[in-house]
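So you can see what is in the structure, the chains are spelled out below.
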Amino acid sequence: MINIEINGKQVTVPKGGTVMDGARQLGIYIPHFCYHKKLSIAANCRMCLVQVEKAPKPLPACATPATEGMKVYTHSQQAVTAQKGVMEFLLINHPLDCPICDQGGECQLQDLAVGYGASESRYQEEKRVVTNKNLGPLISTDMTRCIHCTRCVRFGQEIAGIMELGMAGRGEHSEILAFVGKTVDSELSGNVIDLCPVGALVSKPFRYTARPWELSRRKSISPHCGLGSNLVVQVKQDRVMRVLPRDNEEINECWLSDKDRFSYEGLNSEDRLTTPMIKHNGQWHACDWQEALIFTVESLKSVMERHGAKAIGALGSAHSTLEELFLLQKLIRALDGGNIDHRVRQSDFRADSHLQGVPWLGMSIADIPQLKSVLIVGSTLRKDHPLLTHRFRQAVKNGAQLSIINPIDDDLLMKIANRAIVAPSEMMHMLAQVLKAIIEDKPGAGVSEHIMQSLKAVKVTDEARAIANSILANSPAAVFLGNIAQHHPSYADIHAIAQVIAKLTGAKFGFLGEAANSVGAYLARAIPNQGVLGTEIKHAEHDSQFNAAQMLGDSLNNVASPCQAYILMNLEPEFDAYNPQQAMKAISNAEFVVSLSSFKGNVANYADVILPIAPFTETSGTFVNTEGRVQSFNGVVSPLGDTRPGWKILRVLGNLLQLEGFDYETSEQIRAQVIPAEDAITRYLSNELKDYEVNISSEEMTGLQRIGEMPIYQADPIVRRAEPLQLTRDAMPPKAWLSSALLKQFNMSEGEIVRLKQGEGKAQLEVACDDGLPANCVRVACAHPNSIALGAMFGEISVEKL
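Residues numbered from 1 in each chain as written. Predicted model: local features only at pLDDT ≥ 70, side-chain atom pairs only at ≥ 80, totals over all residues. Heavy atoms only, no water.

Where an unreviewed UniProt entry is consulted, the protein chain appears under the name NADH-quinone oxidoreductase, with the organism given as Nitrosomonas communis. Per UniProt, the protein chain carries the Sequence similarities (unreviewed entry) text "Belongs to the complex I 75 kDa subunit family." On record in UniProt, under Catalytic activity (unreviewed entry), the comment for the protein chain is "a quinone + NADH + 5 H(+)(in) = a quinol + NAD(+) + 4 H(+)(out)". (UniProt positions renumbered as here; feature names shortened; annotations may be inferred.)

Right, dumping it as structure tokens:
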């Protein structure tokens, strides 16, 4: 530690620290533009010049290392004169357009010009003008305002992992620009808007819609990915106008993914539902709440009278709040049913009866950068978990070895130590190879006889041995299962093998949560047969309760749906189901369907009643993120039209059905029943499977296999309606991706339109080439209007030339 003095105050900074670090500790503000606590030191704006005793000239505080006994003066005559001189140069070419600039009112240059700028300019020559750049649908540019702090350039290289912006030219000809013909397409690109200290880079959707001082700032939590990013939602006249990050070092630091930042545009979509609707004789009619709720209750009673409570299936979404999911399952169980699930994209439920708790990340998010070896199984990492990917990128920068087992080889923008790109049917095999390599390296390890017998026929490849050696040789290590693994038809076996690998190597083991409430939905008991304590729930009328696959018809086992009525909450089965073809068939054949939804979408095609529920900005609630952190929030605007919070609708349905225990007045009362104390949930978090026998089969699929990953901007109803996100490169219509060998085999060329068949469904898509795909695989994204006619996310698919 080094002792220095700033403005007469003593402070201690770590070795290698700077004057700026010491000033921040003391709360002394030093004016700056290029310095940012999360970025490397550039020292190119020179605004932070300070006087250092015995130094012949002012020095930049951000780049001057602290030395023992150093004395610094930040507001001396010499320092202030230097800072004012720098400010004069910065303002030479800056346009006088503050009145129309979107940054006005929150502009660092504007603020510092008041303290350090002159009342008028001495510069009489013509100012330079820089042409604006097209950086895509999210970022608007006014590059004449740029002061070349290079924060945006450093962000791309150091945080996003990709250089999409750079500085070209010298002197007054310097300018920030993208590569020729390219836009900024990173899933974290919106952060450059926050980083820009002037109005050069501003939000395109927000531009010219409001002034910063007109906005109310309210805290909230993101409902999208499993991270639970902390938000500041800015509101004007009861309408969400902008979303910014709220600093939380343990979760999202000071960053936001574009999905979290721009999805608010979907809240104001023309597709929003504002009044309850009932279908009479095939025609939709708007009605009041009393009529809609009484019709719903009478219809449910009618189904129960004829078929019993087991004929009602309830499907929620993990993007819903803890309170909504808890009341949904409570309603079903109070009716003496038990068909409740939130895992609509899961296909393999064999592990359910062996789970010992709630699946979670297995460690804290903030500890990920300290890992030295990471194995990620089945994940489109950057698109599913943009900010968790940043944490993994930090770990790799710190020397960690990252290994992946995946059916696709997308660029993760970080160094990959070992990769095994295999067909979906081979993913479990590859993981078994890694396990066998570990056992061979650790003879006598405590592995069950059943697993030893199962592994006898497994042959270990070089890739598997390299992955095993990486986990064994580096500690701490971790094994994570991503969305593709969790949707996989052999998910239970992948889970079990990964668990054994983690136990044998002492590695952490966890799941990269798909949605905001992937953990909270388990705690809310929105799963069949199991309560939050892992205790089985028995009913007198029937012993079995159906999971999502069974409720929608189990396509793997060719079983028809047992449900005659469905309660759908906050999901669109045609986009959100593992097999949309099967799901829509089951729902269309039901006698009665009630949809609790915020949007119209295609609900009118299959529902009998639509009850408009409030999205996360219009209700209070709780999300439990992937690390098990409980985060509650309040509504930031009033419900739109006759929209009502989902938990209130379910409470009233319970009252009308004359069920006990539906007398809640606030969402806090519901949360207190689910989670008595915030630290109480830690004992429920467990990824362990008990007494599960792994089935390592050696069957090889003949024909083509589909790889159906979830596109980043189709993952939930709000994002699907955020127009700026739907204009990005990541939201382009899906293509049928084949290797060049397959294209040659089928006599196809890139850009052709081909017909894809899966089950009873067909789709026509453009074909494209990706030589990173495994043999005999076709990559076709799901949850898109162009591809929802197809079947399961994984399975056989055929491709034919038109």
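Draft legend 1. Layout of the UniProt feature "domain: 4Fe-4S His(Cys)3-ligated-type" (unreviewed entry) in the protein chain. Under the UniProt annotation, the feature "domain: 4Fe-4S His(Cys)3-ligated-type" (unreviewed entry) is placed at residues 78–117. Split by type, residues 78–117 is 60% helix and 0% strand. Its first and last C-alpha atoms lie 16 Å apart. (Helix = DSSP H or I, 4+ residues; strand = E, 2+ residues; numbered from the N terminus.)

Draft legend 2. Representation of the UniProt feature "domain: 4Fe-4S Mo/W bis-MGD-type" (unreviewed entry) in the protein chain within the structure. Per the UniProt entry, the sites bearing "domain: 4Fe-4S Mo/W bis-MGD-type" (unreviewed entry) are residues 215–271 in this numbering. Secondary structure across residues 215–271 comprises 9% helix and 35% strand; the distance between its end C-alpha atoms is 25 Å.

Draft legend 3. How the structure looks around the packing of helix H11 (residues 427–441) against helix H13 (residues 462–473). It is the contact of H11 with H13, at a shortest axis distance of 8 Å, that shows an interaxial angle of 55 degrees. Classified by the angle between their axes, H11 and H13 sit oblique to one another. Both H11 and H13 take part in a crossing whose hand is right-handed. Across the interface between the two elements, Met-430, Gln-433, Val-434, Ala-437, Ile-438, Glu-440 and Asp-441 from H11 touch Ala-464, Arg-465, Ile-467, Ala-468 and Leu-472 from H13. (Axes fitted to C-alpha atoms, helices over the stretch in contact; angles between N-to-C directions. Parallel < 35°, antiparallel > 145°, perpendicular 65-115°, else oblique. Left-handed = near helix turned anticlockwise from the far one by under 90°. Contact = heavy atoms within 4.5 Å.)

Draft legend 4. Layout of helix H4 (residues 151–160). The element H4 is largely enclosed, with a buried count of 9 among its 10 residues. Listing the buried residues of H4 in full gives Arg-151, Cys-152, Val-153, Arg-154, Phe-155, Gly-156, Glu-158, Ile-159 and Ala-160. The elements touched by buried residues of H4 are helix H3 (108–116), strand E7 (165–168), strand E8 (175–178), helix H5 (191–195), strand E9 (201–203) and helix H10 (386–397). (Buried < 20%, exposed > 50% of the residue type's maximum accessible area, 1.4 Å probe, protein only.)

Draft legend 5. Structural context of the sheet that holds strand E1 (residues 2–6). Pairing in this open sheet of 5 strands is mixed, and the strands run E2-E1-E5-E3-E4 from one edge to the other. Looking at which strands have only one partner, the edges of the open sheet turn out to be strand E2 (9–13) and strand E4 (59–60). Examined bridge by bridge, E1 and E2 share 5 bridges and lie antiparallel to one another. Pairing of Ile-4 across the sheet is with Val-11, part of E2. Contacts from helix H1 (residues 19–26) reach E1, E2, strand E3 (49–52) and strand E5 (71–73) within the one sheet, and its direction differs from that of E2 by about 120 degrees. Against the sheet, helix H2 (residues 77–92) contacts E3 and E5, and its axis sits at roughly 160 degrees relative to E3. (Pairing = 2+ DSSP bridges.)

Draft legend 6. Quick look at the nonpolar core. Core analysis: the largest hydrophobic core is formed by 117 residues, its most contacted members being Ile-405 and Ile-567. In this view, Ile-405 contacts Leu-375, Ile-376, Val-377, Gly-378, Ala-420, Val-422, Met-427, Met-430, Leu-431, Val-434 and Ile-467; residues no more than four positions away in its chain are not counted. Core analysis: the next-biggest nonpolar cluster, separate from the first, contains 71 residues, Leu-412, Phe-480, Ala-722 and Ala-731 among them. (Core = buried A, V, L, I, M, F, W, Y, C linked by side-chain atoms within 4.5 Å.)

Draft legend 7. Structural context of the environment of Met-277. Position of Met-277 relative to the elements: it lies in strand E13 (residues 277–280). When the C-alpha positions of Met-277 and Glu-291 are compared, they lie 9.4 Å apart, and in sequence the two are 14 residues distant. Those residues in contact with Met-277, other than ones at most four positions away along the chain, are Trp-284, His-285, Ala-286, Cys-287, Asp-608, Val-609 and Ile-610.

Draft legend 8. A look at the packing of helix H7 (residues 289–307) against helix H20 (residues 646–656). One can describe the packing of H7 onto H20 by two numbers: an axis separation of 10 Å at closest approach and a directional angle of 60 degrees. On the basis of the axis angle, H7 is oblique to H20. In this structure, H7 meets H20 at a crossing whose hand is right-handed. Where H7 abuts H20, its residues Trp-289, Leu-293, Ile-294, Thr-296, Val-297 and Lys-301 lie against Ile-649, Val-652, Leu-653 and Leu-656.

Draft legend 9. Examining the sheet that holds strand E11 (residues 230–236) more closely. Reading across the sheet, the 3 strands line up as E10-E11-E12 and stay open at both edges, with antiparallel pairing between neighbours. Edge positions in the sheet fall to strand E10 (216–221) and strand E12 (239–245), since each of these pairs with one other strand and no more. Taken pair by pair, the neighbouring strands of this sheet meet at an average axis angle of 35 degrees, ignoring direction. Where E10 and E11 come together, 6 bridges link them in antiparallel fashion. Residue pairing in the sheet places Arg-217 in a bridge with Gln-234 of E11.

Draft legend 10. Summary view of the domain arrangement of the protein chain. Its domain assignment divides the protein chain into domain 1 (2–92), domain 2 (131–268), domain 3 (277–346 + 518–676), domain 4 (365–511) and domain 5 (705–801). The distance between the C-alpha centroids of domain 3 and domain 4 comes to 35 Å. Contacts between the two partners involve 6 residues from domain 3 and, on the opposite side, 6 residues from domain 4. Summing both partners gives a buried area of about 570 Å² for domain 3 against domain 4, and 57% of it is carried by carbon and sulfur. Counting every contact that joins domain 3 to domain 4 gives 0 salt bridges. (Domains from an automatic or database assignment. Buried area = accessible area lost by both parts, 1.4 Å probe. Salt bridge = Lys/Arg side-chain N within 4 Å of Asp/Glu carboxyl O.)

Draft legend 11. Examining the environment of Asn-776 more closely. Position of Asn-776 among the secondary structure elements: in the loop between strand E30 (761–769) and strand E31 (777–779). Look at Asn-776 and you get partly exposed, because its relative accessible area is 38%. Placed 37 residues apart in sequence, Asn-776 and Ser-739 show a C-alpha to C-alpha distance of 8.2 Å. Residue contacts for Asn-776: discarding those within four places in its chain leaves Gly-703, Leu-704, Gln-705 and Leu-742.

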